[in-house]
Amino acid sequence: MSLTPDQFVNHVLVGDVRQRLGELPDACVDCVITSPPYWALRDYGHPDQIGAEPTVNDWVSQITAVCHELARVLVPHGALWLNVGDSYSRHPGEGAPRKSLLLGPARLAIQLTQAGWLLRSQVVWAKRNAMPSSVTDRLATTHEFVLFLTRQRRYFFNLDAIREPARTQTSARRSSRDHYPPREAAPTLGGGQSSRIDLNQGLSALKAAGLSSHPLGKNPGDVWRIATANYPAAHFASFPSELVRRPLLATCPQRVCTECRTPWRRATQMIDGRKLATGPLRSSCSHSGWRPGRVLDPFMGAGTVALAAEQYKRDWVGIELNPDYAALADERLAAWRAAQSKPA
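What counts, and at which threshold
- Residues numbered from 1 in each chain as written.
- Predicted model: local features only at pLDDT ≥ 70, side-chain atom pairs only at ≥ 80, totals over all residues.
- Heavy atoms only, no water.
- Buried < 20%, exposed > 50% of the residue type's maximum accessible area, 1.4 Å probe, protein only.
- Helix = DSSP H or I, 4+ residues; strand = E, 2+ residues; numbered from the N terminus.
- Pairing = 2+ DSSP bridges.
- Contact = heavy atoms within 4.5 Å.
- Right-handed = clockwise from strand over helix to strand, strands pointing away.
- Axes fitted to C-alpha atoms, helices over the stretch in contact; angles between N-to-C directions.
- Phe/Tyr/Trp six-rings, centres within 6.5 Å; stacked < 30°, edge-to-face > 60°.
- Lys NZ or Arg CZ within 6 Å of the ring centre and 35° of its normal.

Colleague: I keep staring at the pairing of strand E2 (residues 29-34) and nothing clicks. Help me out?
Modeller: Counting buried residues in E2 gives six out of six residues, a clear majority hidden from the surface. Sheet topology places E2 next to strand E3 (residues 74-84); five bridges connect them, and they run parallel. Bridge pairing links threonine 34 to leucine 82 in E3. The pairing of E2 with strand E13 (residues 294-297) spans two bridges and is classified as parallel. Looking at E13, one finds that cysteine 31 is bridged to valine 295.

If you want it as structure tokens, here you go:
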């Protein structure tokens, strides 16, 4: 029997993801953002834990099986973001010659695409403060991957929510946003100013005016330079909130229709001859009821995904094998909520 929303929304479900996922109803979450245990890296204190398989291919099979169940609980137009890292072989029996990269993320990506997932992007997380390495016969590893996957060719994706200020080529190296009002003021863009440009001319007009990007900012691309997390109390494998923010805002809608699960979107407006999605949120269906978008983290850890969800007014669902980590996530959330309730 499936859990009801009251039983799983904004709750951490303690237990093995391979069992607890089965308690969630079909198509109950709008996106999944998670970092599953890496192969042969850490002990999470469970005899049958993911990450302790004999070979990297066995690990790939376990993660793929979990993703099969994630496809069931994910809405058809939803997205899956997997933060995964690689490691080196210690023995040929692990899946590669000794001292060779195991290529775990690549093996996982291939198996997931063979299982029907679409790999839309392979993000490189370039760690700005990567751990020092004592290795002397190869380059230090300073990155991980984030696999962005969907189940169908058309899916919810809000690029405007994660656009970044574009840098111009001027000597002052000012942001292109210096030439535009902030997003919330976009409906008044250029209102009667003699210096405004015709945005219909596209990039040529932008470059001629000393701009280099879309008025709302540029696409952040697939190399994210983000520092690792530093949360002293806790889970030693927690990932940074910035690594959650972009996937969350891009693929977890602010509002979702409660009847047909259609995401609400911002209305487009004609501004200086160009359509920009800067208007109010609105439903594209005939229903009026809505709920916040809902993100699932099936390997919850210290609760970074839940914390980001609450900060950006989304609902969340967490699953965590280790009860100590689940308690830690609850403590972090309680502390954040208490801080929000204090008068400024």
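Read on for the rest.
Colleague: Teacher, can you tell me more about the environment of valine 9 here?
Modeller: Following the sequence through the fold, valine 9 ends up in the loop between helix H1 (5-8) and strand E1 (11-14). Overall, the relative accessible area of 13% leaves valine 9 in the buried class. If near-sequence neighbours (up to four positions away) are discounted, valine 9 is found in contact with Arg294, Asp315, Trp316 and Val317.

Colleague: I keep staring at the pairing of E13 and nothing clicks. Help me out?
Modeller: With burial as the criterion, each face of E13 is covered, one bearing Arg294 and Leu296 and the other bearing Val295 and Asp297. With four bridges connecting them, E13 and strand E14 (residues 315-320) associate as parallel partners. The residue bridging aspartate 297 from the neighbouring strand is glycine 318, located in E14. Running through helix H7 (residues 304-311), the crossover from E13 to the neighbouring parallel element E14 is right-handed.

Colleague: Is there a simple way to explain the sheet that holds E3 in this structure?
Modeller: Picture the strands of a sheet paired through backbone hydrogen bonds; they go either parallel or antiparallel. The eight strands are arranged E1-E14-E13-E2-E3-E5-E4-E6 in an open sheet whose pairing can be described as mixed. At either end of the open sheet lies a strand with only one pairing partner, and these are E1 and strand E6 (223-226). Taken pair by pair, the neighbouring strands of this sheet meet at an average axis angle of 20 degrees, ignoring direction. This element, helix H4 (residues 104-114), spans E3, strand E4 (118-127) and strand E5 (143-150) of the sheet and lies at about 5 degrees to E5.

Colleague: Help me understand the packing of aromatic side chains in this model?
Modeller: Within the structure shown, the criterion is met by six aromatic pairs. Ring-pair connections join several aromatic residues into one group, and the members of that group are Trp81, Phe148, Tyr155, Phe157 and Trp224. It is arginine 151 that lies over the ring of tryptophan 117; its NZ or CZ is 4.8 Å from the centre. Lying over the aromatic face of tryptophan 224, arginine 246 brings its terminal NZ or CZ to 5.0 Å of the ring centre.

Bear in mind that shape data such as this cannot, by itself, settle questions of function.
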